[in-house]
Amino acid sequence: MKITTFDPHVITEDAESAIGLFEALGFERRHKKDVDDYDTSDVRMKDANGFHVDISQTGFLADGDRIAIRMNVDDFDEAYQLLTDRGFRNLYGKQPLSTETSRSAMMVSPYGFTINLVHHIKKEV
């Protein structure tokens, strides 16, 4: 398994406030993705130094905002198994979230920190 991205990820019910903070710090919005089944929208931001931060607006958190690590990998199943073998659980339930372009799981460790595990699916052209 190869890690292709490893960035901070803010998960909140007030994304606009978090986005405004990072814009004041010099970050710009790069792209946005809505995931209707989970009432979630994701914004990827980047600054002039090449640093990224992801900010998600969601209503599924019962315990307030969460800070996570976004970890993109080339082999989702291998990474998912590695994390579950170490006691992580998927906040989405038993199944990862699957869309046309990605698979993901919000994995919470037994200690409380979160890894947003993502694999981007490349379309054949």
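Moving on, we come to the confidence of the model for the protein. Of all residues in the protein, 88% have pLDDT values of 70 or greater, and the mean over the chain is 87. At the level of individual helices and strands, the protein shows its lowest average pLDDT in strand β2 (residues 28–35), which scores 77, and its highest in helix α2 (residues 76–85), which scores 96.

Where burial is concerned, most of strand β8 (residues 102–108) is hidden: 6 out of the 7 residues are buried. As paired elements, strand β6 (residues 89–90) and β8 share 2 bridges and run antiparallel to each other. Bridged to N90 within β8 is M107. When β8 meets strand β9 (residues 114–120), the two strands line up antiparallel, connected through 7 bridges. Within β9, the residue paired with V108 across the bridge is T114. Hairpin remark: β8 followed by β9, antiparallel, with 5 residues in the connecting loop; positive phi at G112, about 110°.

The next thing to look at is α2. Owing to its 3.6 residues per turn, the α-helix aligns residues three or four sequence positions apart on the same side. Along α2, the residues that are buried comprise F76, A79, Y80 and L83. Around the axis of α2, the buried residues are gathered within 100° of arc, so they sit on the same side. As for α2, its buried residues are in contact with β5 (66–73), β6, β8 and β9. With a side-chain oxygen positioned 3.3 Å from the backbone nitrogen of D77, the residue opening α2 is D75.

How each quantity is defined
Residues numbered from 1 in each chain as written. Predicted model: local features only at pLDDT ≥ 70, side-chain atom pairs only at ≥ 80, totals over all residues. Heavy atoms only, no water. pLDDT = per-residue confidence, 0-100. Helix = DSSP H or I, 4+ residues; strand = E, 2+ residues; numbered from the N terminus. Buried < 20%, exposed > 50% of the residue type's maximum accessible area, 1.4 Å probe, protein only. Pairing = 2+ DSSP bridges. Arc of directions from axis to C-beta. Contact = heavy atoms within 4.5 Å. Polar contact = N/O pair within 3.5 Å; in protein donor to acceptor, adjacent residues only side chain to side chain.

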